[in-house]
Amino acid sequence: MGTILWFKRDLRVQDNPALAAAVGRGMVLPLYIVEPDYWALPDSSARQWRFVAESLEGLRADLARLGAPLLVRMGDAVEVLDGLRAAHGVMRLVSHEETGNLWTFARDRRVADWARAQGVVWQEMPQPGITRGLSHRRGWQGRRDKSMRGALVAVPEGLMPHGLDPGAIPDAADLRLRFDPCPGRQKGGRVRGLDLMDSFLDRRAAGYLRGMSSPVTAPEACSRLSPHLAFGTLSPREVVHALEAKRRQVDAPKRALKGFSSRMAWRDHFMQKLESQPDIETHCLHPFYEHLRPRTPDAERLEAWQSGETGLPFVDACMRQLIHTGWINFRMRAMLMAVASYHLWLDWRDTGMHLARLFTDYEPGIHWPQAQMQSGTTGMNTPRIYNPVKQGLDQDPDGRFVRHWVPELRPVPDAYLHAPWDWGGAGRFLGRAYPAPVVDPVKAARVARAQIWAVRGEPGFRDTRDTLLARHATPRPLRPKRHMSEARQLSLPI
């Protein structure tokens, strides 16, 4: 009996339980399905696809060395799977459990219906650290930690050759993806992921805690493993194993590695939220916030924020870096989302979707819970309203970052760079070379804070919050309190 091994967000042969489960029962057809409808979604982008395509090249080569190159087929998942079933008599399907967006959730339900109708046995392997069907968090952390300590799954010695045409890996143009220049994008593929992990653990981790908060130092100080974890060229378990091995060395930067280990745990914590409640992507976690902000966004404010033209220099610099590179550090992601939600009073669903397609490392399970957290709609977390001027002064005190990404501001004296409206020459400058701020950041924050806290005082708010805490909050802290605020940031780009 042949088996289809369906790769999704697990683009590797190493530590892959689905691959291990597929071998030993006849011919294995390793398969990746390029789904045009998925790549047409508003949270998908060409930069993400290019990373995936590069990763598929590496996966295909690794599988070819095992004897069965990766098959790449384009189309609807059910139609592709049924075509292979009919042509090759396949009656078994193996994959990992995917914590994706609502589209992939619905697609997997269709695949499950198809499998039952055709008598195909679909075996879904759990992801390390994530529990499907969980209704509360009691005992979750212990299971997560045990899963991460478990042995890495060995690569099989070989696969039976299937003799089929592997198929071409399409490019962005084949998928008709919108124009998406991203010259600073990270490249995909396991080899690059391993190089990053090695350079981080051997050298860069020493500066992790000092450098991760500023966009000036974070590109070097952070691990940059997030896209490789998001699309599975590296498994979280193998990263944790490598991390713990490094921590045992005498000369290791133990405090920095402990902080990194905690962020790996927070990564699973947030993914578990979406796994347990998929509609976090579309509905406010606390329903009392559902109609807090207009569902039809202020088009002018949204466009200014999306293009890095808000007139708030540090915010604009961060957005432009993200547009150019597909990555920015965790604190700046949180600030971008918070400014959009509080100062500009835009709904998190509109701004979250824009950030999703800009992030090369877009991981729905982390992104949507964090988008809500930074927008104050979870009801469980204290609202965090970032002061964009203070953030600029704290994280870019000499203005190097802002001057690089917002060159229009070069004539502004250093003392006024982060608040050019206070400069005496602002009247001749703002609205011409650089936009005037779309809002007064101090006044806008004050109004937003009042509206957010007013909801918290409504009858019944606390009862709903307590129910959410029971479902989503881990009973004991995942990390020391001094690191807590650092950990709870948008998408945790570790």
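Our subject is the structure listed above.
Predicted, not measured: the structure shown is a model, and the values here were computed from it. (Residues numbered from 1 in each chain as written. Predicted model: local features only at pLDDT ≥ 70, side-chain atom pairs only at ≥ 80, totals over all residues. Heavy atoms only, no water.)

Section: the overall build of the protein chain
In step 1: Counting its regular elements, the protein chain contains 23 helices and 5 strands.
In step 2: Relative to the compact-globule value of 23 Å for 494 residues, the protein chain shows a C-alpha radius of gyration of 23 Å, a close match.
In step 3: Overall, the protein chain is about 75 × 50 × 50 Å in size when its C-alpha atoms are taken along their principal axes.
In step 4: By sequence separation, contacts in the protein chain at least 24 residues apart represent 81% of the contacts at least 6 residues apart.
In step 5: In the form shown here, the protein chain has an accessible surface area of approximately 19,600 Å², with 54% of it arising from carbon and sulfur atoms.
In step 6: Across the protein chain, 69 positive and 54 negative side-chain charges occur, with their mean positions spaced 6 Å apart. (Helix = DSSP H or I, 4+ residues; strand = E, 2+ residues; numbered from the N terminus. Rg over C-alpha atoms; globule rule 2.2 N^0.38 Å. Contact = heavy atoms within 4.5 Å. Areas by Shrake-Rupley, 256 points an atom, 1.4 Å probe, with all protein chains shown as cover. Lys, Arg positive; Asp, Glu negative; His and termini not counted. Charge placed at Lys NZ, Arg CZ, Asp CG, Glu CD.)

Here we look at the environment of His 162
In step 1: Summarising the element assignment, His 162 is placed in the loop between helix H6 (140-149) and helix H7 (190-202).
In step 2: Residues His 162 and Leu 19 lie 143 residues apart in sequence; the distance between their C-alpha atoms is 15 Å.
In step 3: Ignoring any residue separated from it by four or fewer positions in sequence, one finds His 162 in contact with Met 27, Val 28, Leu 29, Pro 30, Ala 68, Pro 69 and Leu 71.
In step 4: Engagement of the side chain of His 162 in a polar contact is seen with the backbone oxygen of Pro 69, the distance being 2.7 Å. (Polar contact = N/O pair within 3.5 Å; in protein donor to acceptor, adjacent residues only side chain to side chain.)

Topic: the packing of aromatic side chains
In step 1: With the rule as written, the count across this model stands at 14 aromatic pairs.
In step 2: On the numbers, 5.7 Å between centres and 80 degrees between planes, the contact of Tyr 208 with Phe 260 is edge-to-face. Of this pair, Tyr 208 sits in helix H8 (residues 208-211) while Phe 260 sits in helix H12 (residues 254-276), and the two are 52 residues apart along the sequence.
In step 3: Take Phe 260: its relative accessible area is 1%, and that puts it in the buried class.
In step 4: Through a chain of ring-to-ring contacts, the aromatic side chains of Tyr 38, Trp 39, Trp 49 and Trp 103 assemble into a single cluster.
In step 5: We note Arg 224 situated over the ring of Trp 327; from NZ or CZ to the ring centre the distance is 3.9 Å.
In step 6: Positioned above the aromatic ring of Trp 345 is the side chain of Arg 293, whose terminal nitrogen or guanidinium carbon lies 4.5 Å from the ring centre. (Phe/Tyr/Trp six-rings, centres within 6.5 Å; stacked < 30°, edge-to-face > 60°. Buried < 20%, exposed > 50% of the residue type's maximum accessible area, 1.4 Å probe, protein only. Lys NZ or Arg CZ within 6 Å of the ring centre and 35° of its normal.)

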